[in-house]
Amino acid sequence: PARDDPGRAVPAIELTGVRKAYDAFGETVAAVRGVDLDIAQGEFFSLLGPSGCGKTTTMRMIAGFEEPTAGRVRLHGRDVTGVPANRRDVNMVFQSYALFPHMSVFDNVAFGLRRRGVPKDEIKERVGAMLDIVDLGGRERRRPAALSGGQQQRVALARALVNRPRALLLDEPLGALDLKLRQAMQVELKRIQREVGITFVYVTHDQGEALTMSDRIAVMNEGLIEQLGSPREIYEHPATRFVAGFIGTSNLLGGEVGELAGDRAVISFGPDGRIEVPLRDGTRPAAGERLELTVRPEKICIGPDKPADGLCGVRGTVTEVVYLGTSTNYNVTTSAGDDVVVFLQNATSAEDIAVRGDSVWLSWEPRHSYAIGAAR
Ligand code: ATP
């Protein structure tokens, strides 16, 4: 729907045609090359991508720390392009918590409210309620140095949230924590966000983190959004080779397009025959064109027999078997020469299904494989 359609909810954050070029020592660096996105109110939205893809720059343009070279930024329907950061209704949390070391937890969280002249009773109530939400009730009088890294991060979060911003921007806020604490904080952050109902925009290069917490994810690469969708959409239906490789493990099988029928295509693989697969919206390969198909390793079955009609099947030879406790990984080279990895849960089987050197069939349901276009 169009921006002025009255039936459309106003997004919390809206970027249209946003670009950012830096001038670095006389050379132009295109950090963001044209980003369009809408973030809904109350959404947990992640910008995910490798180092240097432009996610921090995108977030800094939302916050107002950078101005776009081109394009518009709107917050809750208001065009804020050119409006300074302190006059935008957003708050930002950084990886370095930047707590005041000489102040108690309470005073750290109360700092912004005091500066704005909020009455004493109200400060007490709001800080207390926020510390309960971040699970730090009873630690009001501690100094930051007497807290763990995860607790310090939660103080920083409380300090940002107590001001009741309409959106909170978080730039790799868990980056300084060790893995176990980071995973615990991911679940905490999601719970806190649900409880306060504030829009969160989260920058991370960690795909597991983005999958765990987000309602939607924008996967960025080289200054552009490669795919935008729910964690499930992005994981199960990666739109590009980059997304397939960056999020989880994905198999890429080379094939050739045979017949096309509606939203399905018949693709042939080496000498073993044909499979019929669904095509993504907008993918229109021509007959004879070579393309790639993605299949996640856990969607594939492995066995000695040719799969039943209606399943996708490819023949191959097992090159490696790795037992991992909860699962076993099989590396298989297909008759067309593609290397495929298969993850099998060890829920029921007491022994390996195949051993190195075995000739096997790989099979999966057609809905689990997607044809993707050539890489950009
Ligand atoms: P990281 O995860 O490493 O922080 P990122 O995805 O957040 O990466 P950005 O920090 O947005 O990426 O940087 C995108 C590109 O813009 C990079 O090539 C970076 O070197 C460049 N860049 C960022 N800030 C500036 C600046 N102030 N001056 C010049 N170039 C910059």
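Keep in mind that this is a model prediction, so the values were computed, not measured.

Points about the overall build of the protein
Stage number 1. What the protein contains, in helices and strands, is eight helices and 20 strands.
Stage number 2. Sequence-distant contacts, at least 24 apart, represent 65% of the contacts inside the protein between residues at least 6 apart.

Regarding the site of the ligand
Stage number 1. Taken together, 13 residues lie around the ligand, and Tyr22, Ala31, Ser51, Thr56 and Thr57 are the ones closest in.
Stage number 2. The set of elements that each furnish at least two residues to the shell around the ligand consists of strand 1 (13-24), strand 2 (27-39) and helix 1 (55-63).
Stage number 3. For the shell around the ligand, a count of residues per class yields five nonpolar, seven polar and one charged.

Examining the sheet that holds strand 15 (residues 301-303)
Stage number 1. Strands sit in the order 15-19-16-17-18 across an open sheet of five strands; the sheet is antiparallel. Strand pairing shows two members of the sheet lacking a second neighbour, strand 15 and strand 18 (339-345), which therefore form its edges. Ignoring strand direction, the axes of neighbouring strands in this sheet form an average angle of 45°.
Stage number 2. Pairing between strand 17 (residues 327-334) and strand 18: seven bridges, direction antiparallel. Bridge pairing in strand 18 places Val332 opposite Val340.

Focus on the sheet that holds strand 4 (residues 70-75)
Stage number 1. Read from one edge to the other, the open sheet built from four strands follows the order 2-1-4-5, with strand pairing classed as antiparallel. In this open sheet, the two strands that pair with only one neighbour each are strand 2 and strand 5 (78-79).
Stage number 2. Of the pairings in the sheet, the one linking strand 1 to strand 4 comprises five bridges and is antiparallel in character. Bridging across to strand 4, Thr16 finds its partner in Arg72.

A look at the packing of helix 4 (residues 149-161) against helix 5 (residues 179-196)
Stage number 1. In contact at an axis separation of 11 Å, helix 4 and helix 5 are set at 20° when each is read in the N-to-C sense. For the element pair helix 4 / helix 5, the angle class is roughly parallel. The element helix 4 and its partner helix 5 pack so that their crossing is right-handed. Side by side, helix 4 and helix 5 meet where Gly149, Gly150, Gln153, Leu157 and Leu161 of the first sit next to Leu181, Ala184, Met185, Ile192 and Val196 of the second.
Stage number 2. Of the residues in the contact of helix 4 with helix 5, the class split is seven nonpolar, three polar and no charged.

Describing helix 3 (residues 120-133)
Stage number 1. Between its terminal C-alpha atoms helix 3 stretches 20 Å, which fits the 20 Å expected from 14 residues at 1.5 Å a residue.
Stage number 2. Turning to helix 3, its buried residues are Ile123, Val127, Met130 and Leu131. Axial view of helix 3: buried residues confined to an arc of 100°, hence all on one face. Opposite the buried face of helix 3, by more than 90 degrees, sit the exposed residues Asp121, Glu122, Glu125, Ala129 and Asp132.
Stage number 3. Contact partners of the buried residues in helix 3: helix 2 (105-115) and helix 4.

Re the domain arrangement of the protein
Stage number 1. The domain architecture assigned to the protein consists of domain 1 (13-241) and domain 2 (251-372).
Stage number 2. Computed from C-alpha coordinates alone, the two centres of domain 1 and domain 2 are separated by 39 Å.
Stage number 3. Taken together, the contact between domain 1 and domain 2 spans five residues of the former and six residues of the latter.
Stage number 4. Looking at the side of domain 1 that touches domain 2 residue by residue, the classes come out as two nonpolar, two polar and one charged.

Rules of the game
- Counting restarts for each chain, with residues numbered from 1 along the sequence as it is written.
- Since the coordinates come from a predicted model, pLDDT governs what is reported: local features require at least 70, and pairs of side-chain atoms require 80 or more to be given and counted, while whole-chain, interface and lining totals use all residues.
- Counting from the N terminus, the helices are the DSSP runs of H or I reaching at least four residues and the strands are the DSSP runs of E reaching at least two.
- Our contact criterion uses C-beta atoms placed from the backbone: two residues qualify when those atoms are within 7 Å.
- Any residue whose C-beta atom, as set from the backbone, lies within 6 Å of a molecule or strand is reported as near that molecule or strand.
- Polarity classes work like this: nonpolar for Ala, Val, Leu, Ile, Met, Phe, Trp, Tyr, Cys and Pro, charged for Asp, Glu, Lys and Arg, and polar for all others, with Gly in that last group.
- Strand pairing follows a simple DSSP-based rule, namely that at least 2 bridges must link the two strands.
- Structural elements are reduced to axes, namely lines fitted to C-alpha atoms, with helices fitted over the stretch in contact, and the angle between N-to-C directions of any two is expressed from 0 to 180 degrees.
- Each angle gets one of four labels, with under 35 degrees taken as roughly parallel, over 145 as roughly antiparallel, 65 to 115 as roughly perpendicular, and the rest as oblique.
- By definition, any crossing whose near helix is turned counterclockwise from its far helix by less than a right angle is left-handed, and any crossing with a clockwise turn is right-handed.
- For a helix, the expected span equals 1.5 Å multiplied by the residue count minus one.
- Whether a residue is buried, exposed or partly exposed follows from its count of other C-beta atoms within 10 Å of its own C-beta, namely 20 or more, 12 or fewer, or something in between, respectively; the C-beta atoms are built from the backbone.
- As used here, the arc is the angular range of directions from the helix axis to the C-beta atoms.
- Residue ranges assigned to each domain were obtained from an automatic or database domain assignment.

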